[in-house]
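The primary structure of each chain is shown beneath.
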Number of protein chains: 2
Amino acid sequence: MRWLTAEQLDSWLSVVRLMTWLPWSIDQQLQRDSKLGMVEYQVLAMLSGSPNRTMRMSSLAEVTNASLSRLSRVVTRLESRRLVRREPDPTDGRFTNAILTEAGFQTLAEAAPGHVSLVRSLVVDVLSPEQLRRLGRDADRIVARIDASAINE
Amino acid sequence: MRWLTAEQLDSWLSVVRLMTWLPWSIDQQLQRDSKLGMVEYQVLAMLSGSPNRTMRMSSLAEVTNASLSRLSRVVTRLESRRLVRREPDPTDGRFTNAILTEAGFQTLAEAAPGHVSLVRSLVVDVLSPEQLRRLGRDADRIVARIDASAINE
DNA sequence: GCCGATGACTTGCCGTGTCAAGTGATGAGA
DNA sequence: TCTCATCACTTGACACGGCAAGTCATCGGC
């Protein structure tokens, strides 16, 4: 059994702190300024960038990193605030489409500047372009390993 | 309002994926193999490395990145499994000490190899020593910014 | 064309985290 | 010494996510 060196452990604990506090911080700001969680924001954002502001629940779940069951509840909440609407896919009733309403688009438009500016001030503008690129690539590497290990259960 | 370039957005979304899936993956393994969540594990680990396997609730909350209220519930659960014990600090009854029991130490000893080996296979062994160091430093930078922005509310 | 299999969600139940209010111990000032 | 403020938690109420079971539409084989 190979243990971690003190240095490796330090780096790992730094990553753990990041995983704990960065989502927390983003959620705080979104919640305070727009009454949205990060997943809610991603749902609105992904819908706004899609043809007809429409996406299938299952695709939406994938791009927002949410389970289908979580997404279903999130969309239910957004629907009750009239930010999103649900419709069965006309061509195949098994699919459900989530559709961004005009009110949802407005809400996103109001939330986006504050959100982006926080992401800038906490992450993007704190690192050099090269550091940010590397950080993204490292994250991709790790996520790829997770995917790989999930496949072989 | 400065928007994000496509490249910056990509990197950011990679980081978001990391923050979503890495904790999930760690929790899965710990839960499956040892019926522990990541915070539970950290609690046991931090206690085991402390003098007398004892720590104040408030210090423990800090090192495990948990709110005091969350830690209180976590320790209640661990206590009901006899992995941890609570005692008021003899020298000042306002403090409560959490103490790792022998059973708790055993549980940690059984959980640690699998946990460490997952951390290795997902993170530590996927990056070069230099990449890991940089990742840790980038994480520190970001967390420092979060702390700074939390201070000025 | 019918019927079981499959796929795409949805939902009841439960465990857990948060927020705010509550509790009990201690220290500080009158 | 007797408050009263403060500190270090703890806990009740509530919101939310996960899991597994349920629902509904479609498809494939007969």
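Higher on the page you've got the structure.
Residues numbered from 1 in each chain as written. Chains lettered and ligands numbered in written order. Predicted model: local features only at pLDDT ≥ 70, side-chain atom pairs only at ≥ 80, totals over all residues.

Trainee: Explanation requested: the overall build of chain A in the structure shown.
Mentor: Counting its regular elements, chain A contains 6 helices and 3 strands. Going from the N terminus to the C terminus, chain A shows its helices and strands as α-α-β-α-α-β-β-α-α. C-alpha atoms of chain A, sized along the principal axes, occupy 55 × 40 × 25 Å. The buried share among the 153 residues of chain A stands at 33%. When contacts within chain A are restricted to residue pairs at least 6 apart in sequence, those whose partners lie at least 24 apart make up 46%. (Helix = DSSP H or I, 4+ residues; strand = E, 2+ residues; numbered from the N terminus. Buried ≥ 20, exposed ≤ 12 C-beta atoms within 10 Å, placed from the backbone. Contact = placed C-beta atoms within 7 Å.)

Trainee: I keep staring at unusual backbone geometry and nothing clicks. Help me out?
Mentor: Glycine aside, a negative phi is what most residues show, and trans is what most peptide bonds show. All names here are of chain A. Even without a glycine there, the phi angle at Asn-52 is positive, about 60°. If you trace the backbone, Asn-52 turns up in the loop between α2 (38–48) and β1 (54–56). Here Asn-52 falls in the exposed class, since 9 other C-beta atoms lie within 10 Å of it. The phi angle at Arg-82 is positive, at roughly 60°, despite the residue not being glycine. By secondary structure assignment, the location of Arg-82 is in the loop between α4 (68–80) and β2 (84–88). C-beta crowding within 10 Å serves as the criterion here: with 12 such atoms nearby, Arg-82 is assigned to the exposed category.

Trainee: Before we go on, may I ask you to explain the pairing of strand β3 (residues 96–100) of chain A in this structure?
Mentor: Each regular strand carries side chains that alternate between the two faces of the sheet. In terms of strand pairing, β1 of chain A meets β3 of chain A through 3 bridges, oriented antiparallel. Looking at the pairing, Arg-56 of chain A lines up with Asn-97 of chain A of β3 of chain A. (Pairing = 2+ DSSP bridges.)

Trainee: Any chance you could explain the environment of Thr-54 of chain A here in plain terms?
Mentor: All names here are of chain A. Looking at where Thr-54 falls in the secondary structure, it is placed in strand β1. For the pair Thr-54 and Ala-98, spaced 44 residues apart in sequence, the C-alpha separation works out to 5.6 Å. When near neighbours in sequence (up to four residues on either side) are disregarded, Thr-54 contacts Asn-97 and Ile-99.

Trainee: I would appreciate a short explanation of the relation of the copies chain B and chain A in the present structure.
Mentor: Between the two chain copies there is a screw-like relation: a rotation about an axis and a shift along it. By a simple turn and slide, chain B fits onto chain A: the slide is 0.0 Å along the axis, the RMSD is 0.0 Å, and the turn is 180°. Given the turn and translation reported, the copies of this chain are related as if by a two-fold rotation axis. Judged by C-alpha distance, Met-19 of chain B is the residue of chain B that lies nearest the rotation axis, at 2.5 Å. With an isologous cut-off of 70% or more, the 100% of interface residues of chain B that recur at the interface of chain A puts this contact in the isologous class. (Least-squares fit on C-alpha atoms with pLDDT ≥ 70 in both.)

Trainee: Any chance you could explain the protein's contact with DNA strand C here in plain terms?
Mentor: Contacts to DNA strand C come from 22 residues, most closely from Met-57, Ser-58 and Ser-69 of chain A together with Arg-70 and Gly-93 of chain B. Residue assignment for the surface near DNA strand C shows that the elements contributing at least two residues are α3 (57–63) and α4 of chain A together with α4 (68–80) of chain B. Ranked by residues supplied to the surface near DNA strand C, first place goes to α4 of chain B with 5 residues. (Near = placed C-beta within 6 Å.)

Trainee: Before we go on, may I ask you to explain the protein's contact with DNA strand D in this structure?
Mentor: DNA strand D sits among 22 residues. The nearest are Arg-70 and Gly-93 of chain A together with Met-57, Ser-58 and Ser-69 of chain B. Looking at the surface near DNA strand D, the elements with two or more residues in it are α4 of chain A together with α3 (57–63) and α4 of chain B.

Trainee: Is there a simple way to explain the sheet that holds strand β2 (residues 84–88) of chain B in this structure?
Mentor: In any sheet, the strands associate via hydrogen bonds between backbone groups, in a parallel or an antiparallel arrangement. All names here are of chain B. With antiparallel pairing, 3 strands are arranged side by side in an open sheet as β1-β3-β2. Unpaired on one side and paired on the other, β1 (54–56) and β2 mark the two borders of the sheet. Each adjacent strand pair in this sheet contributes to an overall mean axis angle of 30°, direction not counted. Alignment of β2 against strand β3 (residues 96–100), held across 5 bridges, turns out to be antiparallel. (Axes fitted to C-alpha atoms, helices over the stretch in contact; angles between N-to-C directions.)

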